[in-house]
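Listed below are the residues making up each chain.
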Amino acid sequence: MNVERAIEIIESHGADAHRWPVGDRAAVQALAADPRVAAALATAREVDAMLADWAATPVAGRIDLAAIARLPQQAQPAPAALRNRGWIVGGAMAAALAGVMVLAPPRNDTTSRVAGFSNTTAPSAAVAAPGDGSDAEAFADVFTPTADEDELI
């Protein structure tokens, strides 16, 4: 046990030896003659005294939890403003959704344009390849690079 460890124990546990770790009590008491340990003990006694005074001071207006628990419990209905809040919020959300649907610009009808697509339409890339005229082949014709495009890549 060294002086620093003894001071650390006193600062953590206070001046009362009964609060010190059992294995360290005798060693700390043996070092009590050292001036640094004696100063730490004096400071710890002052702190212990302040804490004891603070703990003994009665609390003004102490709450009696047992008395509160003995009171009859009754359910309080929610005020009318709180009961109707759910309907108000739901109505506001429905009105906002309806407003968005009414005021939103019309969508482009892509289904009619896709349905009007013909497999016989020439792809945008000028590639002449024999095939069965399927959509997959038309897709490949458009997105497969030509020899000139392939050189650029």
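Fair warning: this is a prediction, and the values are worked out from it, not measured in the lab.

A. Summary view of the overall build of the protein. Within the protein, the secondary structure is distributed over 9 helices and 0 strands. Ordered by position in the sequence, the α and β elements of the protein form the string α-α-α-α-α-α-α-α-α. The proportion of buried residues among the 153 residues of the protein is 12%. Intrachain contacts of the protein at a sequence separation of at least 6 include 38% that bridge at least 24 residues. Total accessible area on the protein stands at roughly 12,500 Å², and carbon and sulfur atoms take up 63% of it.

B. The nonpolar core, seen in detail. By size, the foremost hydrophobic cluster in this structure holds 13 residues, and its most contacted members are I7, I10, W20, V28, V37 and L41. For this core, the secondary-structure elements that each account for two or more residues are α1 (3–13) and α3 (35–56). Per element, the largest residue contribution to this core is 5 residues, and it comes from α1. Not counting chain neighbours up to four residues away, the residues in contact with L41 comprise I10, A15, W20 and A32.

C. Spotlight on the packing of α1 against α3. At their nearest, the axes of α1 and α3 sit 9 Å apart, and the two run at 5 degrees to each other. Judged on the interaxial angle alone, α3 and α1 are roughly parallel. Residue-level inspection shows V3, E4, A6, I7 and I10 of α1 in contact with α3, the latter providing R36, V37, A40, L41 and A44. Taken together, the residues of the contact of α1 with α3 sort by class into 8 nonpolar, no polar and 2 charged.

D. Focus on the confidence of the model for the protein. Averaged over all residues, the pLDDT of the protein is 77; the fraction at 70 or higher stands at 75%. The least confident element of the protein, judged by mean pLDDT, is helix α7 (residues 110–115) at 52; the most confident is α1 at 91.

E. Main features of a negative patch on the surface. Negative charge collects at one region of the surface, where D148, E149, D150 and E151 lie side by side. Tracing the sequence through the fold places E149 in helix α9 (residues 147–152).

F. Representation of the pattern of salt bridges in the model. Under the criterion given, the structure shown has 5 salt bridges. Ionic pairing is found between D48 and R19, a salt bridge with its closest N-O pair at 2.7 Å. In this pair, D48 is assigned in helix α3 and R19 in the loop between α1 and α2 (25–30), connecting sequence segments 29 residues apart. Connected through shared salt-bridge partners, E4, D34 and R36 make up one network.

G. Representation of α1 within the structure. Turning to α1, its buried residues are V3, A6, I7, I9 and I10. For α1, the buried positions fall inside an angular range of 160 degrees around the axis, keeping them on one side. Summarising the geometry of α1, the exposed residues directed more than 90 degrees from the buried face are E11 and S12. Tucked into the core, α1 has its buried residues touching α2 and α3.

Rules behind the numbers
- Residues numbered from 1 in each chain as written.
- Predicted model: local features only at pLDDT ≥ 70, side-chain atom pairs only at ≥ 80, totals over all residues.
- Heavy atoms only, no water.
- Helix = DSSP H or I, 4+ residues; strand = E, 2+ residues; numbered from the N terminus.
- Buried < 20%, exposed > 50% of the residue type's maximum accessible area, 1.4 Å probe, protein only.
- Contact = heavy atoms within 4.5 Å.
- Areas by Shrake-Rupley, 256 points an atom, 1.4 Å probe, with all protein chains shown as cover.
- Core = buried A, V, L, I, M, F, W, Y, C linked by side-chain atoms within 4.5 Å.
- Axes fitted to C-alpha atoms, helices over the stretch in contact; angles between N-to-C directions.
- Parallel < 35°, antiparallel > 145°, perpendicular 65-115°, else oblique.
- Nonpolar A, V, L, I, M, F, W, Y, C, P; charged D, E, K, R; others polar.
- pLDDT = per-residue confidence, 0-100.
- Patch = residues over 30% accessible without salt bridge, like charges linked within 9 Å, V, L, I, M, F, W, Y side chains within 5 Å.
- Salt bridge = Lys/Arg side-chain N within 4 Å of Asp/Glu carboxyl O.
- Lys, Arg positive; Asp, Glu negative; His and termini not counted.
- Charge placed at Lys NZ, Arg CZ, Asp CG, Glu CD.
- Arc of directions from axis to C-beta.

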